[in-house]
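Reading the structure
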Amino acid sequence: MNGSIVYTTIESPAGRLMLAAADDGLRILSFMEGRKFIAPHPSWREVANGDNATLRETIKQLRAYFARELRDFTLPLAPQGTPFQLEVWKELCAIPYGVTISYGELARRVGSPNGSRAVGLANGSNPIAIVIPCHRVIGANGKLTGYGGGLPLKEKLLELEALRLTLG
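For the structure given in this document, a descriptive report is provided here.

Reading the values: the criteria
- Residues numbered from 1 in each chain as written.
- Predicted model: local features only at pLDDT ≥ 70, side-chain atom pairs only at ≥ 80, totals over all residues.
- Heavy atoms only, no water.
- Buried < 20%, exposed > 50% of the residue type's maximum accessible area, 1.4 Å probe, protein only.
- Helix = DSSP H or I, 4+ residues; strand = E, 2+ residues; numbered from the N terminus.
- Arc of directions from axis to C-beta.
- Contact = heavy atoms within 4.5 Å.
- Pairing = 2+ DSSP bridges.
- Salt bridge = Lys/Arg side-chain N within 4 Å of Asp/Glu carboxyl O.
- Polar contact = N/O pair within 3.5 Å; in protein donor to acceptor, adjacent residues only side chain to side chain.
- Core = buried A, V, L, I, M, F, W, Y, C linked by side-chain atoms within 4.5 Å.
- Phe/Tyr/Trp six-rings, centres within 6.5 Å; stacked < 30°, edge-to-face > 60°.

**Description of helix α5 (residues 151-161)**
Within α5 the residues assigned to the buried category are Leu153, Lys154, Leu157, Leu158, Leu160 and Glu161. The arc that holds the buried residues of α5, viewed along the axis, is 155°, so those residues lie on one side. On its buried face, α5 is in contact with β3 (25-31), α1 (53-66), α3 (103-109) and β6 (137-138).

In C-alpha cells, the structure reads:
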C-alpha cells in the first residue's frame, strides 16, 4: 500500500473492527475476529478514533448503519486490488440495501457470466467489509455461503438490512 496509512479499532455490533485509511480514502475495514482479518502493517500509524477525518466519518456512518439510520455509505473508498477485483467491488456497491444476489448474477453483472468462482474469490478478498457489501452475495440456491466474519455475522448483517414493514 502506498502512502501513509493510519488505523484504529472500534467495537461494533459486528464485533471488534479495524479501520485503515490513507489520504485517498478508506483502505480497510476488517473483522478482528474473522478468518480473514487484515492485520495492521508495522509501517501504519495507530490513531485515536477522532484523529483522522476519513476514520471519523467511517465510524459515524457505521454507527448510523447499525442503528438502521443509514442505508448508503458515502465514504471515500480506496481499496487496493487487481482490476478484476476492483470491478467486482464496484459492482458490490451497486447492490441495494436489503437486497441479495447470487454469485452467478454478480458474475453476469461484471461481464463474466461463467466466472462465478472468480467472482467468489474477488468477493472473498474484499478489504472493506460492510461498506463494500459482500455480505449481500449468496449462493444460487438462496443459502448463505462463506463470509470473512463468519456465516452467523453474515446472517446478522442481512437481518439488520431486512426491510420491516409496519402497519399503522
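**Describing the pairing of β3**
Across a regular strand the side chains alternate sides, sitting on one face of the sheet and then on the other. Burial analysis of β3 places 7 of its 7 residues in the buried class, which makes it a mostly covered element. As judged from the 6 bridges shared by strand β2 (residues 15-22) and β3, these two strands associate in the antiparallel manner. Across the sheet, the residue bridging to Ala20 is Ile28, located in β3. Turn length for the β2-β3 hairpin, with the two strands adjacent in sequence and antiparallel, is 2 residues.

**Some words on the pattern of salt bridges**
Under the counting rule described, the total for this entry stands at 5 salt bridges. What you see here is one network of salt bridges that share partners, running through Glu105, Arg108 and Arg109.

**So, the side chain of Arg136**
Within the secondary structure layout, Arg136 lies in the loop between α4 (116-124) and β6. Accessibility expressed as a relative area gives 5% for Arg136, which makes it buried. Engagement of the side chain of Arg136 in a polar contact is seen with the side chain of Glu161, the distance being 2.8 Å. Discounting chain neighbours no more than four positions away, the residues touching Arg136 are Arg71, Ile95, Pro96, Tyr97, Gly98, Val99, Thr100, Ile101, Leu158 and Glu161.

**Digging into the nonpolar core**
Ranked by size, the top nonpolar core spans 42 residues in total, and within it Leu29, Leu62, Tyr65, Leu92 and Ile130 carry the most contacts. Elements represented by at least two residues in this core include exactly β1 (6-12), β2, β3, α1, α2 (83-92), α3, α4 and α5. For this core, the leading source of residues is α1, giving 6 residues. Residues Ala20, Ala22, Ile28 and Trp44 belong to the second largest nonpolar core, which totals 7 residues.

**Here's the deal with unusual backbone geometry**
Within the chain, Arg68 stands out as a residue other than glycine whose phi angle is a positive 60°. For Arg68, the position within the fold is in the loop between α1 and α2. Under the relative-accessibility criterion, Arg68 is labelled partly exposed at 42%. Backbone geometry places Ile130, a non-glycine residue, at a positive phi of 70°.

**Quick word on the packing of aromatic side chains**
Tallying each qualifying case throughout the model produces 5 aromatic pairs. Relative to Phe73, the ring of Tyr65 has its centre 5.3 Å away and its plane inclined at 40°; by these criteria the two rings are tilted. Centre to centre, the rings of Tyr65 and Tyr97 are 6.3 Å apart; their planes meet at 85°, and the pair counts as edge-to-face. On the criterion of sequence distance, the pair formed by Tyr65 in helix α1 and Tyr97 in the loop between α2 and β5 (101-102) is long-range, its members being 32 residues apart. Taken as a pair, Tyr65 and Tyr97 share a single burial class, namely buried. Ring pairs connect the aromatic residues Tyr65, Phe66, Phe73 and Tyr97, which therefore count as one cluster.

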